[in-house]
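# Structure assessment
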Amino acid sequence: MESYKRALWLAAVVMLPLLLLSGIASADGDQEVRERVHVVLVVDNSESMADSDPRDLRISAARLFIDLAGVGDEIGIVTMSDAYHTERGLEMSVVDSAASKDIAKKATAQAQKRWIGGTFMGKALKHATDMLDLVPGAALPTPRLPGLAPQEVERKRFIVFLTDGKQEVEPRAALEEAIKGLQERADVRIFPIGLGGGADMNTLEEIANRVGGKTFKANNASELIRIYMQIFSMLRDDRYADFFQVPAGREVSLARIDPAQRIYNVSWVATWPEGQPVIKVLRSPNRMDLVEQERAKLRYRATDPRYDLFTVDSKALPLDGGWNIWVEGPITGTAVNVAAIVRSELRVRLFEPEALAPTDDYSPRYWPQNKRMLVQAGAGVLTEVGRLLLQAGTTGFPLLEEKRTLGMTPEVTMTSPKWEPLSLKDDGYGYDLESDDGYYTNVYQPTQNAGRYNLSVEVPARYNSSVHLTKEYTIRVAPLPTLQMTLSPSGKVEPDRPVTATLKIQPGTSPVAAESVEITTTVRRPDGFLDDLMLQRQPDGKTYLATYVPTIDGKYTFMARAHIQAVDQGKKIFYSDFSEEKLEVTRGLVVSVTALDAGDAGKLDRVKFLRTFRLASNSPKPETIKLEVRGLPGAVVLPNVLKMEPNSSTTVAFTVLSDAPDLPTDGKGSLVFTPLRPEVKVDTGGREFAFTYHLNTIWERLQGLVCFLFLGALLGVFFLLFIFIRSRGERKYG
C-alpha cells in the first residue's frame, strides 16, 4: 500500500505541469467543464414495441436524457430493429447547448411510430461500440502507473440498451462478437433495460455481467422515464436523482437543499406518462419564480408531451434553501411525479463491500453468505489536481483526486431485502478503527440468503424534507470462502494471560476457490486504544496465528479483516470478509495488597515487628481478610482480622509478636492474607511478604550493656572536665 501511495504522488509531481496546461486550455467561457460523459442510447424500434410502447414513452425518456446532459457531454443514438433497419440515428455529438440538444432530440423522431422487424442486439451493440471508439482519446490506453490493476481506469463511456424482446433471428455469434468487443474496452459500461414480460432478462444480465454495468427491469413503458433518470445519475460520481410526488393545480412546498450537500446544479423535472405536465411556478429559495424569468443564464427549460424541465446552476442564483412548485397536470389534484437531478461536489464512495477498483462503482461486489456485512463508506470532494486529471481524461488516482469529507453522519439502507437503516460513524469507536479519517463504518446483520442485495448510501446525512444524495449498489451474496477466527482461551480470562488468535479461510459450499488472502487483525482494548497483531502464517498455508497478552481489566474486541482474491467459473473476483471475537478480562473479586515499607528484615526481640500495607477491594460486598504468620513458631499478628467496606481501600500497620522460648536465633517468616469467602482472591502482585529475623543472645545483650556503661563514663569525664575549666576561668577574672 505504501509503494502504491508513493507511486501516486510521483505521478502527481510528473503530471501536474501538463495537467495545469490542459486545465487552462479546457476552459469554456464562464462554464466549467467538470466531467464529460459519452453515451450511446440504443432504442429498440422492433415491431413488438407497437404493443410494449404504443405512446412512444421511450422516445420521451431518450429526449429527457438529452435535456439533462451537461457541459461537454456527448450523446449518440442507435435505433435497433432488423438487419436492414438497425442503424445509427445520431453520431456522437456534444449536447451542452439548447441548439445542440434540439438537434439531438430531432434525431429520435425517426423511431416514432416506425416499428420495424425483429431485434438484432449484436448489430446494435456493434454500432454503439464503433461510435464510442470515435470519442477523442478513447482508442488510446488509459494512462496509469505500472503495478496498478487493469480495472483502475476512468469509466467514461456508456451504452444505455433498451429492448423488449429476444434475439431470435440474429445469429448468437453476432451478439457474442459484440460482447467480446465491449469486454476489450475496459472503460465501457452498459445499462441494459428490459421492457415488459417479453424481454430476455437472462441475456441482458449476461451482457451486464460480462461487460460491466447494471440491468434494469421496466414492467411497462410508464417506468422508462424514471429509469433513464436513474441511469443518468449513475454516469458520474457527482450526479444524484431523487423523486417526489406533488398535487397538481396549486403551489406547494417541494424540497429543501441543505448547504452541507454542496449542490451546484439542479434539474427539476415534472413527468406525467398520461399527458403533458406544465410547471406553472418554480420558486427558488430567494423567492424568485423561474418560470417568469426571461434571462437565459438563470435556467434552461425543455418541454415534451411527457415532461417539463428546469435546470438551474448555482452560478445563476443560490440553490440552498426551500423550493416551491406548481404543476398543472391533466387532472387537478392528482399526484404528479417530480424528480430532482442534482450535481454535487460530494462524491459517494463505498469502500466495503469493496469493488474491483477504488473508482469502479459498477464492478461486481461480493459478500459471503451468513456473515455480518461490514459497511464502510464516505464522500470526497474533488481536489484541484483531481479536476485537472478529469479534464485531461486521466483518473485512477483516488488519493490525488479527492479529499475525504469529515463531520458527516452517512446512512445506509438495504433496500432489497428491506432492512432497517444503519448509521455509519467515524468516531474511532466500535468498528471504526480511526476517528476523523473520512471513513465511516458500521456492521449490518448477517446475510442469511444468497442472491442480490441492493444497498443505498446517503450523504452527508439523512434529511427528512430535503433532496437526498444517495447512491445504490448491488451486492452479490454467495456461499464464498469465509474468514473464521477463534480465541484460545476464550470467554473470560485473567490479565497477563496469553491469548492465541487462530484465523483460517474456510471453503464455502460454492465452487469458488480462494487464491490469495491478505489479513489484518486489530484488538480494541477496554481503554479504546488499538493494538495491531502480527500474524504468523503456518506451514499449511491456510492458518494464521497471533498471540496477545491483555493487561487490564475489561472487554476486548478482536477484529480481523480479510481481502480475498478468488476464482469463480474461471473469472477472478475480489471481496472482503470480516470476523470478530469478544474477550472479557477480569481479575474477579480481588483484594490487592501492597507493601508500603521497604523492609523485609528486622530484629525481633520477643516484643514486636512492624509492617505497613495498603489493601484495596473491588468487591461490591463487605469483605473479611484474615492474617497469619508462617515460619515463626508461636507468632501472632495484630490485627489478625481486617474488615473492608465495599469497593474501598485502607492502610494498616500490622504488628508481629512472638514469645516462644525455643525460637532459633535466626529465621524467616511471612505474612499471609486469606479472604473469608472462597470466591474472593488476594492479589499480592506475585510477591511473598516475607521477613527475616534475628534474636539477641545473652552475650549480645551484655555487649550492649558494656557499651552503654562505657559511653556513660565517657560522658561523665567530659562533664567533669567542662566544670573544671569553667571554675578556673571564674577565679582568673574574678
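Look up: the structure comes first, before these words.
The paragraphs below set out a description of the structure included in this document. (Residues numbered from 1 in each chain as written. Predicted model: local features only at pLDDT ≥ 70, side-chain atom pairs only at ≥ 80, totals over all residues. Heavy atoms only, no water.)

## Looking at the pattern of salt bridges
It is possible for side chains bearing opposite charge to pair when their charged atoms get close. Counted by the stated rule, this structure contains 30 salt bridges. The residue Asp304 makes a salt bridge to Arg63 at a minimum N-O spacing of 3.6 Å. Of this pair, Asp304 sits in strand E11 (residues 300-304) while Arg63 sits in helix H3 (residues 57-68), and the two are 241 residues apart along the sequence. Here Asp304 and Arg63 have matching classes, each one buried. A salt bridge links Arg172 to Glu176; the shortest N-O distance between them is 3.4 Å. (Salt bridge = Lys/Arg side-chain N within 4 Å of Asp/Glu carboxyl O. Helix = DSSP H or I, 4+ residues; strand = E, 2+ residues; numbered from the N terminus. Buried < 20%, exposed > 50% of the residue type's maximum accessible area, 1.4 Å probe, protein only.)

## Some words on the sheet that holds strand E31 (residues 554-568)
The 5 strands are arranged E25-E32-E31-E27-E28 in an open sheet whose pairing can be described as mixed. Of all strands in the sheet, those with a lone pairing partner are strand E25 (491-493) and strand E28 (530-532), marking the two edges. Neighbour-to-neighbour, the strand axes of the sheet open up by a mean angle of 30 degrees, direction not taken into account. One ladder, built from 11 bridges, connects strand E27 (residues 513-524) with E31; its direction is antiparallel. Paired with Ser516 across the two strands is Gln565, which belongs to E31. (Pairing = 2+ DSSP bridges. Axes fitted to C-alpha atoms, helices over the stretch in contact; angles between N-to-C directions.)

## Quick look at helix H4 (residues 98-106)
Listed as buried for H4 are Ser100, Lys101, Ala104 and Lys105. Down the axis, H4 shows its buried residues gathered within 135 degrees of arc, on one side only. Along H4, exposed side chains directed more than 90 degrees from the buried face belong to Ala99, Ile103 and Lys106. (Arc of directions from axis to C-beta.)

## Brief notes about the sheet that holds strand E22 (residues 451-459)
Within the open sheet, the 5 strands sit side by side as E16-E23-E22-E19-E20. Their pairing is mixed. In this open sheet, the two strands that pair with only one neighbour each are strand E16 (365-368) and strand E20 (422-423). Where E16 meets strand E23 (residues 469-478), 4 bridges bridge the pair, whose relative direction is parallel. Bridging from a neighbouring strand, Pro368 pairs with Ala478 of E23.

## What about the nonpolar core?
Of all hydrophobic cores here, the largest spans 59 residues; its most connected members are Trp268, Leu282, Ile325, Tyr444 and Val467. When residues in this core are grouped by element, the largest group, 6 residues, is from strand E17 (residues 372-382). In terms of nonpolar packing, the next biggest core, distinct from the first, is built from 45 residues, Phe65, Val160, Ile193 and Leu235 among them. (Core = buried A, V, L, I, M, F, W, Y, C linked by side-chain atoms within 4.5 Å.)

## Remarks on a nonpolar patch on the surface
The grouping of Phe710, Leu711, Leu714 and Phe718 at the surface amounts to a nonpolar patch, some 430 Å² of accessible area in total. Residue placement: Leu714 occurs in helix H11 (residues 698-733). The class for Leu714 is partly exposed, based on a relative accessible area of 36%. (Patch = residues over 30% accessible without salt bridge, like charges linked within 9 Å, V, L, I, M, F, W, Y side chains within 5 Å. Areas by Shrake-Rupley, 256 points an atom, 1.4 Å probe, with all protein chains shown as cover.)

## Comments concerning the pairing of strand E30 (residues 543-548)
Direction of pairing for strand E26 (residues 499-506) relative to E30: antiparallel, over a ladder of 6 bridges. When the bridges of E30 are listed, Lys504 appears paired with Thr543. As paired strands, strand E29 (residues 536-537) and E30 are joined by 2 bridges and run antiparallel to one another. Paired with Arg537 across the strands is Tyr544, a residue of E30. Hairpin connection between E29 and E30: a loop of 5 residues separates the two successive antiparallel strands, and Gly541 in this loop has a positive phi of roughly 75 degrees.

## Remarks on the environment of Tyr453
With respect to the helices and strands, the residue Tyr453 is situated in strand E22. Spatially, the C-alpha atoms of Tyr453 and Ser416 are 5.5 Å apart, while their sequence positions differ by 37 residues. Among residues more than four places away in sequence, those in contact with Tyr453 are Met414, Ser416, Pro417, Trp419, Thr447, Gln448, Tyr473, Thr474, Ile475 and Val477. A distance of 2.6 Å separates the side chain of Tyr453 from the backbone oxygen of Asn449, its partner in a polar contact. (Contact = heavy atoms within 4.5 Å. Polar contact = N/O pair within 3.5 Å; in protein donor to acceptor, adjacent residues only side chain to side chain.)

## Focus on the packing of aromatic side chains
Summed over the entire model, instances satisfying the criterion amount to 15 aromatic pairs. Between the aromatic rings of Phe65 and Tyr228, the centroid separation amounts to 6.2 Å while the plane-to-plane angle is 90 degrees, which identifies the pairing as edge-to-face. Taken together, the positions of Phe65 in helix H3 and Tyr228 in helix H8 (residues 224-234) put the pair 163 residues apart, joining distant regions of the chain. As far as the burial class goes, Phe65 and Tyr228 line up, both buried. On the numbers, 5.9 Å between centres and 80 degrees between planes, the contact of Phe673 with Phe689 is edge-to-face. Here Phe673 is found in strand E40 (residues 666-675), whereas its partner Phe689 is found in strand E42 (residues 689-694), with 16 residues between them in sequence. This pair shows no difference in class: Phe673 is buried, exactly as Phe689 is. Among the aromatic residues, those joined into a ring-pair cluster are Phe613, Phe654, Phe673 and Phe689. Above the plane of the ring of Tyr300 lies Lys101, whose end atom (NZ or CZ) is 5.5 Å from the centre. Above the ring of Phe243, the side-chain terminus of Arg226 is found at 3.9 Å from the ring centroid. (Phe/Tyr/Trp six-rings, centres within 6.5 Å; stacked < 30°, edge-to-face > 60°. Lys NZ or Arg CZ within 6 Å of the ring centre and 35° of its normal.)

## Remarks on the side chain of Glu354
Among the structural elements, Glu354 can be located in the loop between strand E15 (346-352) and E16. For the buried Glu354, which has no salt bridge, the nearest side chain bearing the opposite charge is Arg365, at an N-O separation of 7.8 Å. A distance of 3.0 Å separates the side chain of Glu354 from the side chain of Ser576, its partner in a polar contact. In this structure Glu354 touches Pro364, Arg365, His563, Phe574, Tyr575 and Ser576, once residues within four positions along its chain are discounted. (Lys, Arg positive; Asp, Glu negative; His and termini not counted.)

## Brief notes about the packing of H3 against H4
Running from N to C, H3 and H4 cross one another at 160 degrees; their axes reach a closest spacing of 9 Å. If you check the angle between H3 and H4, you find them roughly antiparallel. Along this stretch, H3 crosses H4, giving a crossing that reads as right-handed. Within the contact between the two elements, H3 uses Arg63, Ile66, Asp67 and Leu68 and H4 uses Lys101, Ala104 and Lys105. (Parallel < 35°, antiparallel > 145°, perpendicular 65-115°, else oblique. Left-handed = near helix turned anticlockwise from the far one by under 90°.)

## Digging into unusual backbone geometry
In this model, Glu352 is joined to Pro353 through a cis peptide bond whose omega is -5 degrees. Take Pro353: it is sitting in the loop between E15 and E16. In the Ramachandran plot, Arg287 falls in the positive-phi region, its phi being about 70 degrees despite a non-glycine side chain. Along the chain, the position of Arg287 falls in the loop between strand E10 (278-283) and E11.

## Thoughts on the environment of Val682
Mapped onto the elements, Val682 comes out in strand E41 (residues 680-683). Val682 gets classed as partly exposed once you look at its relative accessible area, which sits at 25%. Spatially, the C-alpha atoms of Val682 and Leu589 are 8.6 Å apart, while their sequence positions differ by 93 residues. When residues no more than four places from it in sequence are discounted, the contact partners of Val682 are Val591, Val593, Phe673 and Pro675.

## Points about the packing of H3 against H8
Running from amino to carboxyl end, H3 crosses H8 at an angle of 30 degrees, the nearest separation of the two axes being 8 Å. Accordingly, the angle class assigned to the pair H3 and H8 is roughly parallel. The element H3 and its partner H8 pack so that their crossing is right-handed. Residues Leu57, Arg58, Ser60, Ala61, Ala62, Leu64, Phe65 and Leu68 of H3 lie in contact with H8, whose contacting residues are Leu224, Ile225, Tyr228, Met229, Ile231 and Phe232. Tallied by class, the residues present in the contact of H3 with H8 amount to 12 nonpolar, 1 polar and 1 charged. (Nonpolar A, V, L, I, M, F, W, Y, C, P; charged D, E, K, R; others polar.)

## A look at the side chain of Gln261
Tracing the backbone through its elements, the reader meets Gln261 in the loop between strand E8 (251-257) and strand E9 (263-271). Taking relative accessible area as the criterion, Gln261 reaches 0% and is therefore assigned buried. Engagement of the side chain of Gln261 in a polar contact is seen with the backbone nitrogen of Asp258, the distance being 2.9 Å. Of note is the side chain of Gln261, whose polar atom sits 2.5 Å from the backbone oxygen of Val467. Among all residues touching Gln261, those that are not within four sequence positions of it are Arg256, Ser344, Leu346, Pro460, Tyr463, Ser466, Val467, His468 and Leu469.

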